[in-house]
Amino acid sequence: SHQFMDFRKCSINGNSYGLGTTAIGLSFLKRNNKPIPAVPPKPADEPDTPNVNFIDPAFSKIMKDPSHPEYKFCCEFFLSLALNHDVLPEENKTGEVIYSASSPDEAALVYAAKHFGFFFKRTENGGKMVIGKKSPDGSEEDVTYEVLNFLEFNSDRKRSSVILKEPGTGKIVLFCKGADNVMKKRMAARQRPDDLMKKTEAHLNQYVDDGLRTLLVGKTYVENSFYETWKKKFAAAENSLQDRDAKRMEVMDLIEKDFQLMGVTAIEDKLQDGVGDALTDFRGANIKVWMLTGDKVDTAINIGYSCSLLDTGMTLLRACGEDNEMDLDHDKVPTEPAIMKKIDELLAVAKEGDNEKALVVDTAALSAIMLYSKEMELNEVCKLCKSVICARVTPRQKASIVDMVRYADPNVVTLSIGDGANDVPMIQTAHLGVGIHGLEGRQAVNNSDYAIGQFRFLRKLLLVHGRWNYRRTCKVCLYMFYKNVCYVVPQFLFGLYCMMSGQPIYHDFIYQMYNTMYTATPIVIYGIMDRDVDKNTALKNPWLYFDGQANTFMSRSIFFKWVAEGIVHASVCFFVPVALYQYGIFDGQGYNLDLFTGIGTFTNMLAVIVASGRLYCETGYFNYPHLYIARGGCASVFFEGMVSFTGSGCTWQLISFGLWWAMLKMISDFGTKGIMGTYFFEVGGTFPTLAHDYGLYMVMIWGMAFVVLWSFCLILGQDLFGTQLRANIAMRMKREEEKLQKVEGGGVNVDGMLGDDNNI
């Protein structure tokens, strides 16, 4: 989501306020063929407050009329929002007070309180909070509240509370806000009016349909004697050296009870742009997407529909404790027989029909599954589902779900993406973790393998760069084995001719130069720059991502195929010089060439040519600097063209072969002229004839042609008669589309080109 929270609606004392709907709400209404309500314009005298998008003229009238029966309840509701938080007020350069909060929804609630006349200004020594109360006549009065304790929010408690003394009366009051499933358990048995909870739950369901994030707000008065006793227990828990957190939470539970329901807050958390397109492409790439969220089940489902994680053609499977379809224990967790029966039912439904399935699981069902070790059974259902939604889950459960998937099927690769601190356990547990820069801090980014700005960038990261680098990595690994096999096998074959005496076929100098100079740079640049399809083609055809899932570029059979290919090519590179040497290779003076020159150097040259040519056959990206002129002279395009020119195509293969000849010529010159001392004379002395008698080049060229012809038959045969790669199919489709667009754009009569039906 955007993490730009807006206060949109609220329910106070059984009355719902706030008009309009959200993008998720519009999707829900259209999906269920319901009318879309009209939204009145915002009143001209309504103040503009950050994180508040609240329109309701009737509510504005209530807040301006102290005699209205609902005025007292509304003021008390927003007063609790102004007091129950851990927000820090700061002044910007213009003197305006802005709020710094650990979570954006917390700040949105404090801004909402400010919008309706309860301005949290500052904190003072002694735990006092100063609230600027604005009266209907426009005057403002600062009221100081003595805060006794603040019970913080965390993912296990799912609520926060503040204990304070009321000014004037001195009564101790506790304000609490939290998730509805937690707060309902702590409400007083009797509410005033009696149907308050029923009305509030109806409003809560309406907000869920709009995809709003909701919190229940309640309060209770605490007796002074009870508070003094509780305060001592809380101090002892805070000073405990063992199990401090558990003891603190246990003591907090003693006072957070018997609440009178005040109302519900509803905050909109807008989805980022491009989320729906990204999830649609992921489904097209056969990537199963799971959404792990702390939202309510129905909220999570509506979000799933709005972002295209779910669609109306899917069969929705539910395993939720709140559906009251399973027997629950005293902790509201399904029993073992109940959860097993439910999983069996879901598995049977998932196997029926050909339409796609989606599974929705809540925290109660997940708790039972992990409690009774039924992860493998749940994973069987999930394998048959295209999408999975886990609602109301804690950060610890998020990590457990990822861990369950990893170890239930070791062949799968998991990726977790999140933008908040509560996503860190999930990100760290997955094979790959991606953090999004958000307003909830940098914890997710700091604990991830990759960091992106928005969720939609994950589409390019996976479908483009992920696939490109998967192919590059596979080709680099295969080629490194291939080129060394191609160079080492001739040495082994030569041992058959010299009784395995250890006599080398290559001189030490050129033997070392093969991997360090002649064939080093091309494969490095290939592994950085090459691509078989361009970016737009990869994004347009997400099914190209199947290559990684189907092991198109790397498998055991492909590896041994490359090794076998290297042995065949090495054999040709060796036996051609041996065959030519057998019938005599003479220099211009009629002398037979020596071992290093006649066979070793010749074999070395052929191995360099074949290895470079083999990499050329795998290269798919050709881009040259002349495109700088053709594409308008953009500096970035020129830079890309220069990098591509020096890093792809046949450029480095040709440079490598040219480097071989240059080194040979240099050594020959050094040996002939006696430069660089005895060593170069000894080395170069074997090569001067080869370097200067150009008649011998024809022998090597004919041998090279023979080697290239036969060694590449295996490559060309597979490309021409084997299974086509998905990339080739995609590029062919792209060329056909471009050809059709060119024909249509030129005004050519396509029907005339196609002819009649018989010709078609």
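Calculation criteria
- Sequence order as written defines the numbering, with residues in each chain counted from 1.
- Only residues with pLDDT of at least 70 get local features here, since the model is predicted, and only at 80 or more are side-chain atom pairs given and counted; chain-wide, interface and lining totals rely on the full set of residues.
- By convention in this description, side-chain values take in all heavy atoms of the structure and omit both hydrogens and water.
- Helix numbers and strand numbers start at the N terminus; a helix is a DSSP run of H or I with at least 4 residues, a strand a run of E with at least 2.
- Relative accessibility decides the category of a residue: with a 1.4 Å probe and only protein chains considered, values under 20% of the type maximum give buried, values over 50% give exposed, and everything between is partly exposed.
- Only the protein chains shown count as cover for residues, and all accessible areas are computed by the Shrake-Rupley method using a 1.4 Å probe.
- In this description, contact between two residues means that some pair of their heavy atoms is separated by no more than 4.5 Å.
- We define a polar contact as two N or O atoms separated by no more than 3.5 Å, with the added condition that, inside protein, one atom must be a possible hydrogen donor and the other a possible acceptor, whereas residues neighbouring each other in sequence contribute only through side-chain atom pairs.
- Aromatic contacts are taken between Phe, Tyr and Trp rings whose centres are within 6.5 Å, Trp giving its six-membered ring; a plane angle under 30 degrees counts as stacked, one over 60 as edge-to-face, and the others as tilted.
- Here a strand pair is declared whenever DSSP counts at least two bridges between the two strands.
- The convention used is that axes are lines fitted to C-alpha atoms, helices contributing only their stretch in contact, and that angles between N-to-C directions extend from 0 to 180 degrees.
- Think of a patch as exposed residues, more than 30% relative accessible area, with no salt bridge, where like charges cluster within 9 Å and nonpolar side chains (Val, Leu, Ile, Met, Phe, Trp, Tyr) cluster within 5 Å.
- Any Lys or Arg side-chain nitrogen found within 4 Å of a carboxyl oxygen on Asp or Glu counts as a salt bridge.
- The quantity called pLDDT is the predictor's confidence in a given residue, expressed from 0 to 100.
- Put simply, a nonpolar core is a bunch of buried Ala, Val, Leu, Ile, Met, Phe, Trp, Tyr and Cys residues held in one set by side-chain atoms that sit within 4.5 Å of each other.
- Any helix carries an expected span of 1.5 Å times its number of residues minus one.
- Note that the arc is computed from the directions linking the helix axis to the C-beta atoms.

Student: Quick question: what am I supposed to make of the overall build of the protein chain here?
Tutor: Tallying secondary structure elements over the protein chain gives 32 helices and 18 strands in all. Each of the 760 residues in the protein chain was classed as buried or not, and the buried ones make up 47%. When the accessible surface of the protein chain is split by element, carbon and sulfur atoms take 56% of a total near 37600 Å².

Student: Honestly, the environment of Lys288 in this entry has me stumped. Any pointers?
Tutor: Its place among the elements puts Lys288 in the loop between helix H9 (275–284) and strand S12 (289–292). As a C-alpha pair, Lys288 and Lys383 span 95 residues in sequence and 8.8 Å in three-dimensional space. Dropping the residues within four chain positions of it, Lys288 is found in contact with Cys382, Lys383, Leu384, Cys385 and Lys386. Here the side chain of Lys288 touches Lys383 through a polar contact of 2.2 Å, landing on its backbone oxygen.

Student: Which parts of the structure should I look at to understand the packing of aromatic side chains?
Tutor: Given two aromatic rings, one states the distance between the centres and the angle between the planes to describe the pair. Inspection of the entire model under this criterion finds 26 aromatic pairs. Ring geometry for Tyr99 versus Phe120: centroids 6.1 Å apart, planes at 20°, classification stacked. Here Phe120 lies in strand S5 (residues 118–124) and Tyr99 lies in strand S4 (residues 97–100), a separation of 21 residues in the sequence. Grouping residues by exposure puts Tyr99 and Phe120 together as buried.

Student: How should the sheet that holds S12 be read in this particular structure?
Tutor: Pairing between the strands of a sheet comes from backbone hydrogen bonds, and it takes one of two forms, parallel or antiparallel. If you trace the 4 strands from one edge of the open sheet to the other, you get S12-S15-S14-S13, paired in parallel fashion. Every other strand in the sheet has two partners, leaving S12 and strand S13 (315–319) as the edge strands with one partner each. Across this sheet, the average inter-strand angle for adjacent strands is 15°, counted without regard to direction. In terms of strand pairing, S13 meets strand S14 (residues 357–362) through 5 bridges, oriented parallel. Note that in S14 the partner of Leu317 across the bridge is Leu359.

Student: Got a minute to help me understand a nonpolar patch on the surface in this structure?
Tutor: Side chains of Phe492, Leu496, Tyr497, Met500 and Phe575 sit close together on the surface and give an oily, nonpolar patch of about 580 Å² of accessible area. With respect to the secondary-structure elements, Met500 resides in the loop between helix H17 (457–495) and helix H18 (508–518).

Student: Any chance you could explain the confidence of the model for the protein chain here in plain terms?
Tutor: For any part of a model where pLDDT is low, the fine detail of the predicted coordinates should not be relied upon. With 80% of its residues at a pLDDT of 70 or more, the protein chain has an overall mean of 79. No element of the protein chain has a lower mean pLDDT than helix H32 (residues 750–754), which averages 34, and none a higher one than strand S9 (residues 172–178), which averages 94. Every residue in residues 717–723 is under pLDDT 50, and counting partners more than four places away or in other chains gives 2 contacts. Confidence drops under pLDDT 50 across residues 746–760; counting only partners more than four residues distant or on other chains, this segment forms 8 contacts.

Student: How do you make sense of the pattern of salt bridges when you look at a structure like this?
Tutor: When the charged atoms of two side chains with opposite charge come close together, those side chains can pair. Scanning all chains against the criterion turns up 35 salt bridges. One salt bridge connects Glu268 with Arg8, and the closest N-O pair in it is separated by 2.7 Å. With Glu268 in strand S11 (residues 260–269) and Arg8 in strand S1 (residues 5–12), this pair connects stretches of sequence that are 260 residues apart. Residue Glu268 shares its accessibility class with Arg8, and that shared class is buried. The residue Asp423 makes a salt bridge to Lys398 at a minimum N-O spacing of 2.9 Å. Pair noted here: Asp423 is in the loop between strand S16 (415–418) and helix H15 (424–429) and Lys398 is in helix H14 (residues 395–408), with a separation of 25 residues, a long-range link. Overall, Asp423 belongs to the buried group, its relative accessible area being 8%. The buried category is assigned to Lys398, whose relative accessible area is 4%. Put simply, Arg157, Arg159, Arg186, Asp253 and Glu256 are held in one network by salt bridges that share partners.

Student: Quick question: what am I supposed to make of the environment of Phe150 here?
Tutor: Take Phe150: it is sitting in strand S7 (residues 140–151). When its relative accessible area of 27% is taken as the criterion, Phe150 is described as partly exposed. Residues Phe150 and Asp86 lie 64 residues apart in sequence; the distance between their C-alpha atoms is 8.5 Å. Here Phe150 is in contact with Asn84, His85, Asp86, Ser160, Ser161 and Val162, once residues within four sequence places are set aside.

Student: Would you mind going over the nonpolar core with me for this structure?
Tutor: Within soluble globular proteins, side chains that are nonpolar generally end up buried alongside one another. Phe7, Phe59, Phe78 and Leu83 are the most contacted members of the largest nonpolar core, which has 45 residues in total. By residue number, the principal contributor to this core is helix H3 (residues 71–83), which donates 9 residues. Non-local contacts of Leu83, meaning those with residues more than four positions away in its chain, are made with Met129, Ile131, Tyr145, Val162, Leu164 and Phe175. If you look at the next biggest cluster of nonpolar residues, it comprises 36 residues, including Ile24, Ala278, Ile287 and Val360.

Student: Explanation requested: helix H8 (residues 244–255) in the structure shown.
Tutor: Each turn of an α-helix holds 3.6 residues, which means side chains three or four residues apart point in the same direction. Taking 1.5 Å per residue as the helical rise, H8 with its 12 residues ought to reach 16 Å, and the 18 Å between its terminal C-alpha atoms agrees with that figure. All of the buried residues in H8 are Arg248, Val251, Met252 and Ile255. Buried residues of H8, viewed axially, fall in a sector of 105°; they line one side. Its buried side turned inward, H8 meets S7, strand S8 (159–165), S9, strand S10 (213–222) and helix H7 (224–238).

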